[in-house]
Amino acid sequence: MEKEAVFDDIKLSDDEIYYPDEPYCSEKNEEGEGASNVVFSREAPLIGKDPAGTSPGECCGCSAKKLNFKASEDLIDKENNSQQKKLSRQERIELGRVFQGAVASMDWERAERLIQLADPLTLNDFLCVGLDSVWFLTTKQEFQGITGLIKKIVCHGAHDFTRATLRTSFLASCVSACHSRTMSLADSVTVMAQRLQERLQECNGDEILKAEAGAKVQKFTEWALKCIGFHSRCQRARDRVSHSSPTEIELQLSAFKMFLELAGNHLSGRDFTEAFDAACFPLTLFSNSFDPGWASGISSTVIQGLLGMLVEGGADNVNQCFLEASRFGNVDVDLALGFASHYCKLGTMKCLVEEGNAIAFLGPLMRAAERGCMQVVQWFVKRGCRDMELCLALTAATSSSQVEVAAYLLPFVPSPVLTALSIEILKAAGERSGGSLQGVEFLLKSDFLGDPTATYSVADSIARSSDDESVPSDLKSFLREHWSESAFEKGMRESHEDFMNFMRVLKRGECAISLRDLPAPLRVAIAYMPLYRECVNAGGRLLSQRLRGQLVEAVRQLQGCDVPVVEVGETPRLMAVLEHHLTAIFC
């Protein structure tokens, strides 16, 4: 579905265009600082820090037909004087509208000129407007324009990073939610209001304050929806339509990350915590209108990336947000389980499974196995996983070379499952390995099929599949070099050549220290100690075929070539024979 269809039912009246209910700009408190916007905190749910703070009218105050800036010429003429006096409220409102129009039309030159006119409070407004627009980026040129503009705004004195972060986190969540709704926006707003009232009923506190908070948050949500509609229409006016492609999402998240890096230490852990709450809040309000596949679709990628950056910044309320999300119902508890497991929040995971009835273990389990998060993997296994979930998690750990996790999971996967899927497990692990085949090597050395003959056979089968394009070339090369029947034969030849070279040195060597004069056990140690050490250091239950071939040939030479055909399971006996000859020097 194209973006036009998603936002067609969001309309702005002529009056709403000019912010009739709330001021565009930040008001000043008694201390002279800009007021902060709505804070979704645990201690005081939904209560604004300052009634005169950010409001529903702060973003979308200008329609496409007003983007000719006719009313702004007088302001631009005052550029030389603007920083020497405080702007009036009406001037800040007008300047903000013009700036919003410049940003929406991607007129970066005009937007930069307007920065020169702004006083500190207006600069903070500009910072919010610029940051809000990152969730509608579609091209690299737009990314470069808006990030450059944000940097200039900060350089000129904008400093209210807290307000900008809280506000844009809320907006980004609304944008993500609106990309996958199944009902009209009008119906969504009605449902949102109902859900908000239900949430407020659960909160303790003064009823008047709760009513005021409810009204403010509802207006803020309506502002977000109007903002989305405004940007959508501006995009269509420029013949641009957002399709929420991976490229667009990467640009949007990169722009937000740039802002966080720019803010640096100006954002505290509490700021990140409140922003995380603000981002989670719309997901609860809009949950009834989500498309069933939203959690696994691309529309959720933005909010996942946003929440991840907020947690990295210091948000510590992941547990509380997910517990509240599950309590207020109709949220995707399986998506929440994925988030909770990613951040290793075992208490939240337990709640989502036991009280929220989350059942989708596979995705979180596989991602934990890929990351090597043993604590989360163990938690899922102890809760009880299906055989295929365990098998796929083992494959994920193997492909990421998470040997410790793979070693933990291997005993839990039934042998029949491993046998039936052995080739596919190795192929999949090799395909997603990213160049490292340590995980594949671990499975083979561990004799993951519990039968040396079967394990060697599977490796040889893949090594010989020259016509199978589904097998990664590096995996085939690795198995052919070390784990195939041809590798075993090559190992025997190499060991025989080493023996012959040693004998030539023994008989014809011209070194002053003649090997022939050394005791026989010492000569054996010189010839075979390197091989013995290599076998010991290899570890695992099985040697590679190449190393096993070298070992078989070495034992044949030590016992006068009077060795019957060696079975693949006799490696321990061969090692014992070699060790016996090597330790004879100490007898």
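Calculation criteria
- Residues numbered from 1 in each chain as written.
- Predicted model: local features only at pLDDT ≥ 70, side-chain atom pairs only at ≥ 80, totals over all residues.
- Heavy atoms only, no water.
- Helix = DSSP H or I, 4+ residues; strand = E, 2+ residues; numbered from the N terminus.
- Buried < 20%, exposed > 50% of the residue type's maximum accessible area, 1.4 Å probe, protein only.
- Contact = heavy atoms within 4.5 Å.
- Areas by Shrake-Rupley, 256 points an atom, 1.4 Å probe, with all protein chains shown as cover.
- Arc of directions from axis to C-beta.
- Salt bridge = Lys/Arg side-chain N within 4 Å of Asp/Glu carboxyl O.
- Polar contact = N/O pair within 3.5 Å; in protein donor to acceptor, adjacent residues only side chain to side chain.
- Core = buried A, V, L, I, M, F, W, Y, C linked by side-chain atoms within 4.5 Å.
- pLDDT = per-residue confidence, 0-100.
- Expected span 1.5 Å × (residues − 1).
- Phe/Tyr/Trp six-rings, centres within 6.5 Å; stacked < 30°, edge-to-face > 60°.
- Axes fitted to C-alpha atoms, helices over the stretch in contact; angles between N-to-C directions.
- Parallel < 35°, antiparallel > 145°, perpendicular 65-115°, else oblique.
- Nonpolar A, V, L, I, M, F, W, Y, C, P; charged D, E, K, R; others polar.
- Patch = residues over 30% accessible without salt bridge, like charges linked within 9 Å, V, L, I, M, F, W, Y side chains within 5 Å.
- Left-handed = near helix turned anticlockwise from the far one by under 90°.
- Disulfide = S-S within 2.5 Å.

In the nomenclature of an unreviewed UniProt entry, the chain is known as Ankyrin repeat protein SKIP35 of Brassica napus.

The secondary structure content of the chain amounts to 27 helices and zero strands. Here the chain holds 587 residues, and the buried ones make up 55% of them. By sequence separation, contacts in the chain at least 24 residues apart represent 78% of the contacts at least 6 residues apart. Carbon together with sulfur atoms contributes 50% to the accessible area of the chain, which is approximately 26,400 Å² in total.

What follows concerns helix α4 (residues 108-117). Of all the positions in α4, only Trp108, Arg110, Ala111, Leu114, Ile115 and Leu117 are classed as buried. Down the axis, α4 shows its buried residues gathered within 160 degrees of arc, on one side only.

A few words now on the pattern of salt bridges. Enumeration according to the criterion identifies 15 salt bridges in this entry. We note a salt bridge from Arg163 to Asp125, for which the minimum N-O separation is 2.9 Å. Here Arg163, found in helix α7 (residues 161-178), pairs with Asp125, found in helix α5 (residues 120-132); they are 38 residues apart in sequence, far enough to count as distant. Look at Arg163 and you get buried, because its relative accessible area is 0%. The residue Asp460 makes a salt bridge to Arg464 at a minimum N-O spacing of 2.7 Å.

For the rest of this paragraph, the subject is the environment of Ser484. Mapped onto the elements, Ser484 comes out in the loop between α23 (473-482) and α24 (485-508). Sequence separation between Ser484 and Ser461 is 23 residues; the distance between their C-alpha atoms is 7.9 Å. Those residues in contact with Ser484, other than ones at most four positions away along the chain, are Asp460, Ala463, Leu479 and Gln545. At a separation of 2.9 Å, a polar atom in the side chain of Ser484 contacts the main-chain carbonyl oxygen of Arg480.

Moving on, we come to the nonpolar core. Residues Phe99 and Trp135 are the most contacted members of the largest nonpolar core, which totals 76 residues. Setting aside chain neighbours within four positions, we find Phe99 in contact with Ala111, Leu114, Ile115, Phe126, Val129, Leu149 and Ile153. Grouped together as the second largest cluster of nonpolar side chains are 56 residues, Ala393, Ala429, Leu444 and Phe478 included.

This paragraph deals with the confidence of the model for the chain. With 70% of its residues at a pLDDT of 70 or more, the chain shows a mean pLDDT of 76. For residues 1-83, every residue scores under 50 in pLDDT, and the model assigns this stretch 209 contacts once sequence neighbours within four places are set aside.

Once that is clear, we can look at helix α10 (residues 246-263). For an α-helix, the turn length of 3.6 residues means that residues three or four places apart are oriented alike. For α10, with 18 residues, the first-to-last C-alpha span of 26 Å sits near the 26 Å given by 1.5 Å per residue. The complete set of buried residues in α10 reads Glu248, Ile249, Leu251, Gln252, Leu253, Ala255, Phe256, Met258, Phe259, Leu260 and Ala263. At the C-terminal side of α10, Gly264 shows a positive phi close to 55 degrees.

Tallying each qualifying case throughout the model produces nine aromatic pairs. Residues Trp379 and Phe380 carry aromatic rings whose centres are separated by 5.2 Å and whose planes lie at 85 degrees to one another, so their mutual orientation is edge-to-face. Take Trp379 and Phe380: they sit in the same class, and that class is buried. Seen from their ring centres, Tyr456 and Trp483 are 6.0 Å apart, and the 35 degrees between their planes marks the pair as tilted. Note that Tyr456 is positioned in helix α22 (residues 452-463) and Trp483 in the loop between α23 and α24, a separation of 27 residues in sequence.

What follows deals with the packing of α4 against helix α6 (residues 140-155). With their axes 10 Å apart at the nearest point, α4 and α6 run at an angle of 10 degrees to one another. The orientation of α4 relative to α6 falls into the category roughly parallel. Residues Trp108, Ala111, Glu112 and Ile115 of α4 touch α6, and the partners they reach there are Glu142, Gly145, Ile146, Leu149, Lys152 and Ile153. Considered class by class, the residues forming the contact of α4 with α6 number six nonpolar, one polar and three charged.

The subject of this paragraph is a nonpolar patch on the surface. On the surface, Leu362, Met388 and Leu392 cluster together into a nonpolar patch covering about 210 Å² of accessible area. Among the secondary structure elements, Leu392 is positioned in helix α18 (residues 387-399).

The next subject is the environment of Val129. By the secondary structure assignment, Val129 is in helix α5. Look at Val129 and you get buried, because its relative accessible area is 2%. Sequence spacing of Val129 and Ala164 is 35 residues, and the spatial spacing of their C-alpha atoms is 8.4 Å.

What follows is about the packing of helix α3 (residues 89-104) against α5. Relative to each other, α3 and α5 sit at 30 degrees, their axes nearing to 10 Å. By the angle between their axes, α3 is roughly parallel relative to α5. Every pair of crossing elements has a handedness; the one defined by α3 and α5 is right-handed. Within the contact between the two elements, α3 uses Arg92, Leu95, Gly96, Phe99 and Gln100 and α5 uses Leu121, Thr122, Phe126 and Val129. In the contact of α3 with α5, the residues fall into five nonpolar, three polar and one charged.

Moving on to the side chain of Gln557. Note on placement: Gln557 falls in helix α26 (residues 545-558). A polar side-chain atom of Gln557 sits 2.6 Å from a polar atom in the side chain of Glu553. In this view, Gln557 contacts His496, Phe499 and Tyr528; residues no more than four positions away in its chain are not counted.

Attention shifts here to the state of the cysteines. Taken as a whole, this structure holds zero disulfides when the rule is applied. Cys344 provides the cysteine sulfur closest to Cys373, a residue in no disulfide bond, and the two sulfurs are 4.2 Å apart.

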